[in-house]
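Chains, contacts and geometry: an overview
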Amino acid sequence: MTGIDVLLDEISPYQSRRVVVECDSHTTAAYLLDARGRIRVPVWLANHESAPLTSESAGLYEGRAPLMPEAYTKHPQGRPRFDPDHLRAVWFEEGDGVALIDEEGLLAVIPGWAEADSGLPGYAREAIGRSAYAWELDSVRGQLWPRVVHAEAYWDWRRASGAWRSVQRTVLSHLNRHVGEPGHYWDVSDGHPPLLRVSERPPTAGRPFTILSTVGMCGQRMPTLDRYMADTSQHARVELALATTLPAHHAARVFRWIGAFPWRAVTWFGTGHTVKWLDNPEDRAMRGGAGAVLLLEDPSPLVTDPRHLPPDTSGLSFHGDPVRWLWIVPITRPEHLFAKEHDSATLVEKLAAEGRSWVLG
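I will try to describe carefully the structure that is included in this document. It should be emphasised that the depicted structure is a prediction, and the values quoted were computed from it without experimental measurement. (Residues numbered from 1 in each chain as written. Predicted model: local features only at pLDDT ≥ 70, side-chain atom pairs only at ≥ 80, totals over all residues. Heavy atoms only, no water.)

Re the pairing of strand β11 (residues 197-201)
Burial analysis of β11 places five of its five residues in the buried class, the great majority of the element. With burial as the criterion, each face of β11 is covered, one bearing R197, S199 and R201 and the other bearing V198 and E200. Direction of pairing for strand β10 (residues 185-187) relative to β11: antiparallel, over a ladder of three bridges. Along β11, the bridge assignment pairs Y185 with S199. Bridge analysis of β11 against strand β12 (residues 210-215) gives five bridges, and the strand direction is antiparallel. Considered in β12, the bridge of V198 is made with T214. (Buried < 20%, exposed > 50% of the residue type's maximum accessible area, 1.4 Å probe, protein only. Helix = DSSP H or I, 4+ residues; strand = E, 2+ residues; numbered from the N terminus. Pairing = 2+ DSSP bridges.)

Some thoughts on the packing of aromatic side chains
Under the defined criterion, the tally for this structure stands at 13 aromatic pairs. Ring plane angle 85° and centroid distance 6.0 Å describe the contact between W113 and Y123, whose orientation is recorded as edge-to-face. Here the residue W113 occupies a position in the loop between β7 (105-110) and β8 (123-124), and Y123 occupies one in strand β8, the gap between them amounting to 10 residues. The partly exposed category is assigned to W113, whose relative accessible area is 24%. Y123 gets classed as buried once you look at its relative accessible area, which sits at 7%. Between the aromatic rings of Y154 and W155, the centroid separation amounts to 4.9 Å while the plane-to-plane angle is 80°, which identifies the pairing as edge-to-face. (Phe/Tyr/Trp six-rings, centres within 6.5 Å; stacked < 30°, edge-to-face > 60°.)

A short note on the environment of R81
Tracing the chain through its elements places R81 in the loop between β4 (39-47) and β5 (88-91). Measuring from C-alpha to C-alpha, the distance between R81 and C23 comes to 7.8 Å, with 58 residues separating the pair along the chain. Aside from chain neighbours lying at most four places away, what touches R81 is D5, L7, C23, D24 and H48. A polar contact is formed between the side chain of R81 and the side chain of D5, at a distance of 2.7 Å. (Contact = heavy atoms within 4.5 Å. Polar contact = N/O pair within 3.5 Å; in protein donor to acceptor, adjacent residues only side chain to side chain.)

Here we look at helix α7 (residues 333-341)
Taken together, the buried positions of α7 are occupied by E335, H336 and A339. The buried residues of α7 all sit within an arc of 105° when viewed along its axis, so they share a single face. For α7, the exposed residues lying more than 90 degrees away from the buried face are P334, K340 and E341. (Arc of directions from axis to C-beta.)

A closer look at unusual backbone geometry
A cis amide bond links P193 to the next residue, P194, at an omega of 0°. Its identity as a non-glycine residue notwithstanding, Q15 has a phi of 65°, on the positive side. The class of Q15 is partly exposed, set by a relative accessible area of 41%. The phi angle at V266 is positive, at roughly 55°, despite the residue not being glycine.

The values are spatial; any link to function lies outside them.
Here's what the structure looks like:
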């Protein structure tokens, strides 16, 4: 392709999405790409010449942005090109969606649930009605603008010097009260958000196993929840925990990949979810025959000794959302497939009947 100007090219803070705005002599379009560079959502932004009466046969998937038909654009004769010096991206806190803003205000929104393959493009200010290339922004601006304002405020807060310390202090204080005295503390981040640590709570006289917990996952809401539910608050923030009799510094390695997984893979964790174990050589010895993990908010059905119940970690909230602790229970690959074929509740019943413990060791 020739004659294309890139007006904006930006990667999300979690490195899992990228937005590119391109302009040729005919149109301007935005593209939301995944971490592999594949286009997930293309969105038309404007025509720069007279609009056709009907849709073109070629589209946003074939290497060039089509002209929007005249019935679906506010400027059927075309409008001037956008100024790249006034164009910026605002990533949602979850990292799965992005808004584009120029000197006139909100230009476009690509929400996390937008998906080209499902016929759900993003919203564009220049669009009228709903077409395959873009949906009208004006009719939903009142619902979307507060989210953009929140996103800008969130990233301003994250850039402040005390932001991470406030997350850290909040979670550690809660763990101190509900789980016990701390031991070692490890950094399991990879240099960019989400920032993550792991806190060790060594065995006590009444608890013959170590508890490991993430610190920092709840500092950002998880992606894609608004695809599945209207009220995301109850499920948006989690920390992960693991009970183990293995050496803590070995067991803690699992958090290096699973702690950032929701933002890297652009998904969410909830109770009963199963996650295929990434083939990571550094924790292969610790995982044994496990091929996946089962996440449980309440692992008590897998308690084999009634004297050693899971600690009650409820009661923490962050930025108005409750924080849920999900316990990691390693499972085999066949058990992972069993959960997919049936459901996680049936898998838990099966594990309990087999005498499986929630404690790794």
